[in-house]
Structure formats: C-alpha cells, structure tokens
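The primary structure of each chain is shown beneath.
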Amino acid sequence: MSGSSSNEMWGGRFAASPDQILEKINASIDFDQRLAHQDIVGSKAHARMLAAQGVLTEADADAICDGLDRILDEIERGEFAFSTALEDIHMNVEARLKELIGEPAGRLHTGRSRNDQVATDFKLWVRDRIDATDAQLEALIRALLDQAQAGADLVMPGFTHLQTAQPVTWGHHMMAYVEMFARDRARFQDARARLNECPLGAAALAGTSFPIDREATAQTLGFDRPAANSLDAVSDRDFALDFMAAASICATHLSRFAEELVIWSSAQFDFVRLSDAFTTGSSIMPQKKNPDAAELVRAKVGRINGALVGLLTVMKGLPLAYSKDMQEDKERVFEAADALSLSLAAMTGMVADMTPNPDRLREAAGHGFSTATDLADWLVRELNMPFRDAHHVTGAIVKLAETKNVGLEDLALEDMQGVAPSITAAVFDVLGVDKSVASRDSYGGTAPEQVRAQIARWRGLLG
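This text gives an overview of the structure that appears in the document. As the structure is a prediction and not an experimental result, all values here were calculated from the model.

Reading the values: the criteria
- Residues numbered from 1 in each chain as written.
- Predicted model: local features only at pLDDT ≥ 70, side-chain atom pairs only at ≥ 80, totals over all residues.
- Heavy atoms only, no water.
- 1 Å grid on protein atoms, 1.4 Å probe; cavity = no way out; pocket = protein on both sides within 12 Å on 5 of 7 lines; lining within 4 Å.
- Points joined across faces, edges and corners; volume = space filled by probe spheres on them.
- Salt bridge = Lys/Arg side-chain N within 4 Å of Asp/Glu carboxyl O.
- Helix = DSSP H or I, 4+ residues; strand = E, 2+ residues; numbered from the N terminus.
- Buried < 20%, exposed > 50% of the residue type's maximum accessible area, 1.4 Å probe, protein only.
- Core = buried A, V, L, I, M, F, W, Y, C linked by side-chain atoms within 4.5 Å.
- Contact = heavy atoms within 4.5 Å.
- Expected span 1.5 Å × (residues − 1).
- Patch = residues over 30% accessible without salt bridge, like charges linked within 9 Å, V, L, I, M, F, W, Y side chains within 5 Å.
- Areas by Shrake-Rupley, 256 points an atom, 1.4 Å probe, with all protein chains shown as cover.

1. Let's talk about the layout of surface pockets
Link 1 in the chain: Volume-wise, the largest pocket comes out at about 540 Å³.
Link 2 in the chain: Around the largest pocket sit 22 residues that line it, and Gly-158, Phe-159, Thr-160, His-173 and Glu-260 are the ones nearest its centre.

2. Considering the pattern of salt bridges
Link 1 in the chain: Taken as a whole, this structure holds 36 salt bridges when the rule is applied.
Link 2 in the chain: For Asp-131, the salt bridge is made with Arg-192, and the minimal N-O distance between the two is 2.7 Å. Of this pair, Asp-131 sits in helix α6 (residues 114–150) while Arg-192 sits in helix α7 (residues 170–195); the two residues are 61 residues apart in sequence, bridging distant segments of the chain.
Link 3 in the chain: Residue class for Asp-131 comes out partly exposed when judged on its relative accessible area of 35%.
Link 4 in the chain: For Arg-192, a relative accessible area of 26% puts it in the partly exposed group.
Link 5 in the chain: Between Asp-329 and Arg-237 there is a salt bridge whose closest N-O contact spans 2.6 Å. Of this pair, Asp-329 sits in helix α12 (residues 329–353) while Arg-237 sits in the loop between α9 (230–235) and α10 (238–264); the two residues are 92 residues apart in sequence, bridging distant segments of the chain. One exposure class covers both Asp-329 and Arg-237, and it is buried.
Link 6 in the chain: Members of the salt-bridge network, linked through shared partners, are Asp-134, Glu-138, Arg-142 and Arg-185.

3. Focus on the nonpolar core
Link 1 in the chain: Residues Phe-257, Trp-264 and Met-347 are the most contacted members of the largest nonpolar core, which totals 99 residues.
Link 2 in the chain: Looking at this core element by element, the count peaks at 16 residues for α10.
Link 3 in the chain: Ignoring any residue separated from it by four or fewer positions in sequence, one finds Met-347 in contact with Leu-140, Leu-254, Phe-257, Ala-258, Leu-261 and Val-297.
Link 4 in the chain: Ranked by size, the runner-up nonpolar core spans 20 residues in total, among them Met-385, Val-393, Leu-411 and Val-430.

4. Quick look at unusual backbone geometry
Link 1 in the chain: A cis amide bond, omega 5 degrees, links Leu-320 with the succeeding residue Ala-321.
Link 2 in the chain: Position of Ala-321 relative to the elements: it lies in the loop between α11 (292–315) and α12.
Link 3 in the chain: Positive phi outside glycine occurs at Leu-162, with the angle close to 60 degrees.
Link 4 in the chain: Tracing the backbone shows Leu-162 in the loop between β1 (155–160) and β2 (163–169).
Link 5 in the chain: Note on Leu-162: relative accessible area 54%, which makes it exposed.

5. Details of the environment of Asp-73
Link 1 in the chain: Of note, Asp-73 is situated in helix α4 (residues 58–76).
Link 2 in the chain: A residue is classified by how much of its surface remains accessible, and Asp-73, at 32% relative accessible area, is partly exposed.
Link 3 in the chain: Separated by 36 residues in the primary sequence, Asp-73 and His-37 place their C-alpha atoms 9.9 Å from one another.

6. Side note on α11
Note on helix geometry: an α-helix contains 3.6 residues per turn, so any two residues three or four positions apart are oriented the same way.
Link 1 in the chain: Relative to the 34 Å expected for 24 residues at 1.5 Å per residue, α11 spans 35 Å between its end C-alpha atoms, a close match to the ideal helical length.
Link 2 in the chain: For α11, the set of buried residues is Ala-293, Ala-294, Val-297, Val-301, Ile-304, Ala-307, Leu-308, Leu-311 and Met-315.
Link 3 in the chain: Contact partners of the buried residues in α11: α9, α10 and α12.

7. Here we look at the side chain of Gln-147
Link 1 in the chain: Topologically, Gln-147 is positioned in helix α6.
Link 2 in the chain: When neighbours within four sequence positions are excluded, Gln-147 is seen to be in contact with Trp-170, Met-174, Val-351, Ala-352, Met-354 and Pro-356.

8. A word on a nonpolar patch on the surface
Link 1 in the chain: Taken together, the side chains of Leu-205, Leu-231 and Leu-320 make up a nonpolar region of the molecular surface, amounting to roughly 270 Å² of accessible area.
Link 2 in the chain: Considering the arrangement of structural elements, one finds Leu-205 in the loop between β3 (197–198) and α8 (214–220).

Structural data, given as structure tokens:
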C-alpha cells in the first residue's frame with residue numbers, strides 16, 4: 001500500500017502510510033528528551049558497575065562515560081540533534097554514543113533493557129522534581145510566616161459558609177496555610193521515600209544472567225536499595241501516581257488560597273492589595289486591577305487533577321510487566337509538575353508582595369455580631385448558665401441589637417439585663433473584637449500569643 005496517497009484503510013484524514021503513522025505514535029523523543037540528564041547518569045552508573053564486575057573492560061567503561069559526558073554537554077548547549085526515527089531518549093543517546101566512540105557503545109546495554117532503563121530514568125526525574133517542589137513549598141511557607149508575624153495582632157473576620165463567624169487574626173489565617181502546605185511537604189517526602197528503590201538491573205522483566213551488582217548501582221544513583229522484584233520494578237508507576245496525587249492535593253490548597261485572594265482583593269471586600277507584579281488592568285475599564293495570577297493558580301488544579309486521572313486510567317488495566325501504554329506516563333507527569341511549579345512560584349510571589357488593609361479588616365471583623373459566641377461563653381463561664389440556655393439568651397440579645405442597629409459591644413447594659421437580669425457590666429470585657437481574639441488562647445487558637453508561638457515553632461522546625 002503506497003504511502004504517497006491517502007490510505008483507504010485509515011481514512012482520508014491520514015495521508016501518511018501505516019509505517020509512518022506507527023513511527024509517529026511510537027516515538028516519545030519529543031517529550032522524554034527531558035530525561036536526558038537522568039538517562040546519562042543512569043548509564044554511567046551501569047557502565048561503571050559492569051566494569052567493576054568484569055563484564056566490561058575499564059577502557060570500554062572509560063570510553064562510554066567520556067562519550068556520555070560529551071553527549072550531555074551537547075544536549076545542554078542545544079547542539080544535540082534528536083531523531084524521531086530513534087523513538088526515545090535512550091536510543092538517541094545510544095546512537096550518538098556509537099558515532100562518538102564506536103564499538104564499545106554497543107556494550108553499554110549489557111545486562112539491562114529499555115524497560116528497567118526508563119523506569120530508573122523516570123524515578124530519578126520524579127525524585128529530582130520532588131526535591132525541587134519541597135524547596136518551593138519551604139519558600140512559600142517562609143513567606144506565609146513573614147505575613148503571619150507582621151499580622152499576628154491584626155484582627156479580621158473568620159468565616160464559615162463565607163458568613164462572618166468569629167473574629168480571628170491575620171496571622172492565624174496565614175498560619176492555617178502554613179499547616180496545609182506543611183502537610184503537602186510531608187506527602188511529597190513520603191512519596192520520595194517510597195520511590196527510592198532502584199529498578200536498574202531488573203532488565204526486561206526477569207532480571208539478567210550477567211553477574212551484575214544491583215546494590216552498587218542503587219548506591220551510586222542515591223537509591224536506598226534495589227527494587228526487590230524484577231516484574232514489579234519495570235511495571236511500577238506508583239511513584240508517578242504518588243507524585244501526582246500529592247501534587248493534586250497541593251494544587252487544591254493553592255486553589256483555595258487563590259480563591260480567597262480573588263475575593264479579598266475585590267472592591268467589595270478590600271481586605272488585601274496585590275502588587276502590580278501579579279495583577280493586570282482591563283483593556284477598556286481603567287479602574288480595574290484584576291487578580292490574574294491568583295485566578296490562573298486557581299485554574300491550574302484542573303490540569304494537575306486531569307493529569308492524575310489520565311495516568312490512573314492508563315494504568316488501570318495493564319497486565320504485568322511492561323506495556324507500551326506506559327509511554328503515556330511521562331507527558332502527564334511533566335504537565336502536572338510544570339503546572340505545580342509555576343503555581344507555587346506565583347503564589348509565593350503574591351504572598352510576599354501582598355498588603356493587608358488593617359482598617360477594612362478590623363471593620364469587617366465586627367460585622368454580623370461576630371462576638372456572639374464570646375457572649376454565650378461568658379454567660380456559661382461567669383453565670384454558670386447551661387450552654388443551651390446561654391445560646392438562647394445570646395440569640396435574643398443579638399436580635400435586640402439588630403433591631404437597634406448597633407453592635408453587641410454598643411448595646412446598653414440595661415437592654416441586656418432586660419433579657420437576662422444577672423448580666424453585669426463585666427460582659428463588655430469580652431465583646432470587642434480585640435478582646436475576643438485575645439481570649440481564644442487555647443492551643444492552636446487565634447490569640448496573638450498563640451499565633452506567635454506557632455510561628456516560633458515553625459521557624460525552629462525550618463531552621
């Protein structure tokens with residue numbers, strides 16, 4: 001069947017012949033060239049191990065490693081010619097190595113397969129990305145700690161159902177995200193610990209008859225141990241799923257924070273000012289300052305969640321060991337990793353640059369009778385009133401204040417005593433927003449001293 005005309009079997013849409021179509025669908029070099037550094041590091045470790053075991057001569061190993069260093073230099077300088085015909089990064093590197101050093105290049109693949117090679121390369125790449133993500137999360141946490149420190153006493157409204165609930169402090173709100181992103185760090189670190197088993201030496205699926213030293217290559221590449229089962233080693237992509245699951249949860253946290261920044265920076269709220277570096281203007285409305293960076297961070301979770309679901313779907317029906325379907329793993333992970341890295345960078349920049357509006361935050365903190373719970377607690381604590389009764393009394397007092405269009409702290413004592421005669425003037429000690437937050441001094445509470453204690457704890461943990 002000629003490739004020069006439309007292929008009837010494939011329909012008019014495909015002008016190429018079947019062999020060209022197969023080449024296109026089979027090739028992964030357009031995206032897996034990102035594994036070049038890891039591929040070359042893994043190959044050098046393999047070559048040195050083979051020489052130590054007497055499978056290669058030292059001269060051949062030296063030639064191979066020197067050639068691989070030259071190839072990496074070409075790639076880093078943008079001078080390497082990647083070929084789709086050679087399918088992937090592994091074959092591209094091996095072909096160029098043969099051009100550079102000749103016959104010894106053919107000995108490099110002794111005792112391994114592309115199956116364990118790609119699993120090793122991909123694990124190394126994901127491990128490197130986890131380390132980079134951890135550093136980005138630490139930078140974001142430090143920026144949040146700085147905001148919390150500066151606003152430890154700054155009163156703002158706390159919300160449930162996006163309705164004013166109780167006063168909290170700006171520092172307390174920032175520290176909530178410190179806790180969330182710290183859990184993200186822990187998830188990535190857990191994923192790193194699980195992935196840190198070396199597949200190299202599993203070969204195609206059954207191991208190899210050559211006298212290799214898998215402990216040596218694992219140690220050289222910074223793994224804790226060799227993977228214990230060759231079938232599992234080449235078919236495992238749990239490490240990629242672990243990474244993307246952690247990325248999805250982290251992106252969800254970023255999206256929640258981004259949503260708050262979008263709301264807070266609106267004219268209706270005016271809680272926070274975002275810098276010009278992370279906002280844009282409108283093409284026709286000169287007064288607008290749009291929180292584009294926050295909106296885009298909020299959107300990136302869609303890409304990351306989609307990548308996770310995509311790879312889960314690819315892996316769900318695969319028998320052991322390797323199937324070509326698994327070539328679809330890397331693009332998903334690369335996309336998720338890139339989106340997360342950009343989102344973390346943008347959020348860290350916004351947090352570092354944003355400025356809270358103290359007057360507006362304080363004004364909003366007192367809205368909606370936000371100290372009503374303080375009143376109920378005072379009735380229980382000082383008058384020994386059952387909480388359910390205190391809840392009812394407080395509701396009646398709130399209704400009275402609403403009728404008079406005043407806040408609880410501005411309601412006359414006589415009015416309160418008309419609802420509950422035993423109330424004394426001491427009740428006003430708990431009704432202001434500053435007094436409210438100061439009273440919430442239980443561990444993990446919003447009181448400024450509790451916030452400062454948590455900041456100090458986290459700065460100590462980060463070092």
